[in-house]
There are 2 protein chains.
Amino acid sequence: MPRVSTDQLAARRQHILDGARRCFAAHGYEGATVRRLEQSTGLSRGAIFHYFRDKDALFLALAEQDARRMADVVAEQGLVQVMRNLLDGTRADARDHDGVAATGPAPDPDGDLSWLGTRLEVSRRLRTDPDFRERWQAHSAELTAATRERLERQAAAGALRDDVPVPVLAQYLELVLEGLVSHLAMGLPADALDGVLDLVEQSVRTLRG
Amino acid sequence: MPRVSTDQLAARRQHILDGARRCFAAHGYEGATVRRLEQSTGLSRGAIFHYFRDKDALFLALAEQDARRMADVVAEQGLVQVMRNLLDGTRADARDHDGVAATGPAPDPDGDLSWLGTRLEVSRRLRTDPDFRERWQAHSAELTAATRERLERQAAAGALRDDVPVPVLAQYLELVLEGLVSHLAMGLPADALDGVLDLVEQSVRTLRG
């Protein structure tokens, strides 16, 4: 085996994660067979499972990476912005599918819709798998912490309403996110959702009037 | 076969629906085998499928009935109240399971938690089954119509904020409902949710300040 640098190993690992994310998004966890994972990554099963013990380890690494990225965006831009990105990603994806671009460029591997696929699978497993629920708590807590920290900073700057405790505001935003993920996953119309997100954003801000 | 009145037929049909609702809530759609449906209704498969063509027809009848009931509650009390009932139902159910009441009374067949089970199955099938999505649109539209009508009445009474169109407010409430269903189904903590629902209710009301 040729010697490769740490950078090359990390790049290869990331390449597998990106391909797997597309594969899980397109086929769901059950449908992402080893054969499909080979196709979406362009690598052999031997190469893939050199980096990840099994399909479950691959999915968990992916979900953890997505959760961390999401917490980063939340820390910088807030949870409402995450929701706006999600909405934009869905529309871009719908345009891709409506067009005649069957041979056009592949969707952006970091696009929000592939993230949606992972997120849905996480939701499903949280419902059905108590072990997974326990293991996932740390990542869920990371998002909650990022959401709260950002809200605390906004509160300190006088930008937030002060009649509702920050943990309640954080829970509120997370509940709306969960509803949005569910709504988009069901393929329901997204027309009125910009106005809804404006309303959500406004309802955590300094009192109107 | 003995002659039975229309009332008796309707009562028998409802008895099957109630038993099936508990069965779907406890075991999910796939897990609700014919044998389990017999146990939960106390009737033979012959009797059950005399009233409903197959398991799918039974599930659809159930989901339709739940959707209609929900639209009725929305029309009278509003979607936020539906969410509060759902939250109360979840807590009552948690108490039942924490207690020593293994031989105690069975949970209320019309309790909100059995409704949650049906609702989750509807969500899952909306995601995975395009035919179902199309057939379900009429019921989904019924809830939206009930929500909008109630909001229109509240708006006419001057109880609603007037800077956001009613369809956006309706969509907002439905999105929060979807998030709540998802949250409860994942078994996540419900402590802060009363405060969240207060915030949701307040954010559709006449402008503060």
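The coordinates are above.
This structure is a prediction, so every number in the text was calculated from the model and none was measured.

(A) Region of interest: the relation of the copies chain B and chain A. Mapping chain B onto chain A calls for a rotation angle of 180 degrees and an axial translation of 0.0 Å; the resulting RMSD is 0.1 Å. What we have between these two chains is a two-fold relation. By C-alpha distance to the rotation axis, the residue of chain B lying nearest is B:Gly179, at 1.7 Å.

(B) Seen up close, the side chain of B:Thr41. All names here are of chain B. Within the secondary structure, Thr 41 is located in helix α2 (residues 34-41). For Thr 41, a relative accessible area of 5% corresponds to the buried category. Here the side chain of Thr 41 touches Glu 38 through a polar contact of 3.4 Å, landing on its backbone oxygen. Within the structure, the side chain of Thr 41 is placed 3.2 Å from the backbone nitrogen of Leu 43, a separation counted as a polar contact. Setting aside anything within four residues of it in sequence, one finds Thr 41 in contact with His 15, Ile 16, Gly 19, Ala 20 and Ile 48.

(C) Region of the structure containing the pattern of salt bridges. Residues and elements named next belong to chain B. Per the stated rule, a full pass over the model turns up 18 salt bridges over all chains. Between Arg 21 and Asp 66 there is a salt bridge; the shortest N-O distance is 2.7 Å. Separated by 45 residues along the polypeptide, Arg 21 in helix α1 (residues 6-31) and Asp 66 in helix α4 (residues 55-77) bring together distant segments of the chain. Neither residue differs from the other here; Arg 21 and Asp 66 are each classed as buried. Taking the shortest distance from any N to any O, the salt bridge between Arg 68 and Glu 142 comes out at 3.4 Å.

(D) View of the nonpolar core. By size, the foremost hydrophobic cluster in this structure holds 68 residues, and its most contacted members are A:Leu79, A:Tyr172, A:Leu173, B:Tyr172 and B:Leu173. Here the element with the most residues in this core is helix α8 (residues 166-185) of chain A; it accounts for 13 residues. With near-sequence residues (within four places) excluded, B:Leu173 lies in contact with B:Leu79, B:Val80, B:Met83, B:Thr147, B:Leu151, B:Val200 and B:Val204.

(E) Local environment of the environment of B:Ser203. Residues and elements named next belong to chain B. For Ser 203, the position within the fold is in helix α9 (residues 193-204). For Ser 203, a relative accessible area of 3% puts it in the buried group. Along the backbone, Ser 203 and Leu 169 are 34 residues apart, and their C-alpha atoms lie at a distance of 9.2 Å. Within the structure, Ser 203 has its side chain in polar contact with the side chain of Tyr 172 (distance 2.8 Å).

(F) The arrangement of helix α9 (residues 193-204) of chain A in detail. All names here are of chain A. With twelve residues, α9 extends 17 Å from end C-alpha to end C-alpha; this agrees with the ideal 16 Å at 1.5 Å per step. Three or more residues of α9 are buried, namely Leu 193, Val 196, Leu 197, Leu 199, Val 200, Ser 203 and Val 204. Seen end-on, α9 carries its buried residues on one side only, within an arc spanning 155 degrees.

(G) Seen up close, the interface of chain B and chain A. Counting residues at the interface gives 33 residues for chain B, matched by 33 residues for chain A. Between chain B and chain A, the buried area comes to about 3,200 Å², and carbon and sulfur atoms account for 65% of it. Counting every contact that joins chain B to chain A gives zero salt bridges. Along the contact surface separating chain B from chain A lie five residue pairs in polar contact (both at pLDDT 80 or more). Residue assignment for the side of chain B that touches chain A shows that the elements contributing at least two residues are α6 (112-128), α8 (166-185) and α9 of chain B. For the side of chain B that touches chain A, the element with the most residues is α8(B), which contributes twelve residues. Residues of the side of chain B that touches chain A, tallied by class, amount to 17 nonpolar, ten polar and six charged.

(H) Region of interest: the environment of B:Ala146. Residues and elements named next belong to chain B. Structurally, the position occupied by Ala 146 is in helix α7 (residues 130-156). Judged by relative accessible area, Ala 146 falls into the buried class, the value being 9%. Between the C-alpha atoms of Ala 146 and Glu 76, which are 70 residues apart in sequence, the distance is 9.1 Å. Not counting residues up to four positions away in its chain, the partners in contact with Ala 146 are Ala 71, Val 74 and Ala 75.

Cut-off values and rules
- Residues numbered from 1 in each chain as written.
- Chains lettered and ligands numbered in written order.
- Predicted model: local features only at pLDDT ≥ 70, side-chain atom pairs only at ≥ 80, totals over all residues.
- Heavy atoms only, no water.
- Least-squares fit on C-alpha atoms with pLDDT ≥ 70 in both.
- Helix = DSSP H or I, 4+ residues; strand = E, 2+ residues; numbered from the N terminus.
- Buried < 20%, exposed > 50% of the residue type's maximum accessible area, 1.4 Å probe, protein only.
- Polar contact = N/O pair within 3.5 Å; in protein donor to acceptor, adjacent residues only side chain to side chain.
- Contact = heavy atoms within 4.5 Å.
- Salt bridge = Lys/Arg side-chain N within 4 Å of Asp/Glu carboxyl O.
- Core = buried A, V, L, I, M, F, W, Y, C linked by side-chain atoms within 4.5 Å.
- Expected span 1.5 Å × (residues − 1).
- Arc of directions from axis to C-beta.
- Buried area = accessible area lost by both parts, 1.4 Å probe.
- Nonpolar A, V, L, I, M, F, W, Y, C, P; charged D, E, K, R; others polar.

Everything listed here is a matter of geometry and, on its own, says nothing about what the molecule does.
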